[in-house]
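# Summary of structural features
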Amino acid sequence: MSVQEQTETSNESAPGAATVVAGTFSVIVLLAAVSYSVMANVVNWVAVDLLTYPVQGVAPFVVISGAILTIPILIPTALVSVQFLK
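Fair warning: this is a prediction, and the values are worked out from it, not measured in the lab.

The next point concerns the overall build of the protein. A tally of regular secondary structure across the protein gives two helices and zero strands. Out of the 86 residues belonging to the protein, those deemed buried represent 19%. For the protein, restricting intrachain contacts to residue pairs at least 6 apart in sequence, the fraction spanning at least 24 positions comes to 75%. Roughly 7100 Å² of accessible area belongs to the protein as shown, and the carbon and sulfur atoms make up 68% of that amount.

See below:
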């Protein structure tokens, strides 16, 4: 009696590195854009509308907050991309 081993071959191929990086980057940029938009609207509502600060005084805070939001775009993109490419 012989046992014959069969190997499963799948037609699915792993996504390429560029696809994983581009997809991850796109999702994280989309999330960052949504969070920046929400943050800008909340700051505008609280500082300008509610507390009646001038727009010129609040604008640098919004710009700096947006710049800080760009930092976490790179880190999750790298971590998720490396995890998928293993």
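Right, let's get into unusual backbone geometry. The phi torsion at Thr-52 lies on the positive side, around 55°, for a residue other than glycine. Along the chain, Thr-52 turns up in the loop between helix H1 (17-50) and helix H2 (55-85). Judged by its relative accessible area of 61%, Thr-52 falls in the exposed class.

With that out of the way, let us pick up the nonpolar core. Core analysis: the biggest nonpolar cluster contains seven residues, these being Met-39, Ala-40, Val-43, Ala-47, Val-48, Val-58 and Val-62. Put simply, the parts of the chain that give this core at least two residues each are H1 and H2.

By the element assignment, Leu-79 lies in helix H2. As a C-alpha pair, Leu-79 and Val-21 span 58 residues in sequence and 9.9 Å in three-dimensional space.

Thresholds, definitions, all that
- In this convention, every chain numbers its residues from 1, walking through the sequence in written order.
- Predicted model: local features are reported for residues with pLDDT of at least 70 only, side-chain atom pairs are reported and counted for 80 or more only, and whole-chain, interface and lining totals are derived from all residues.
- Excluded from the side-chain calculations are hydrogens and water; all other atoms, namely the structure's heavy atoms, are used.
- Numbering goes from the N terminus for both helices and strands, where a helix is a DSSP run of H or I of at least four residues and a strand is a run of E of at least two.
- Accessible area is worked out with a 1.4 Å probe on protein chains only. A residue is then buried under 20% of its type maximum, exposed over 50%, and partly exposed in between.
- Residue contacts are counted whenever heavy atoms from the two residues lie within 4.5 Å of one another.
- Where accessible areas are quoted, they stem from the Shrake-Rupley method and a 1.4 Å probe; at the residue level, only the protein chains shown are allowed to cover.
- For this analysis, a nonpolar core means a set of buried residues of the types Ala, Val, Leu, Ile, Met, Phe, Trp, Tyr and Cys, connected via side-chain atoms within 4.5 Å.

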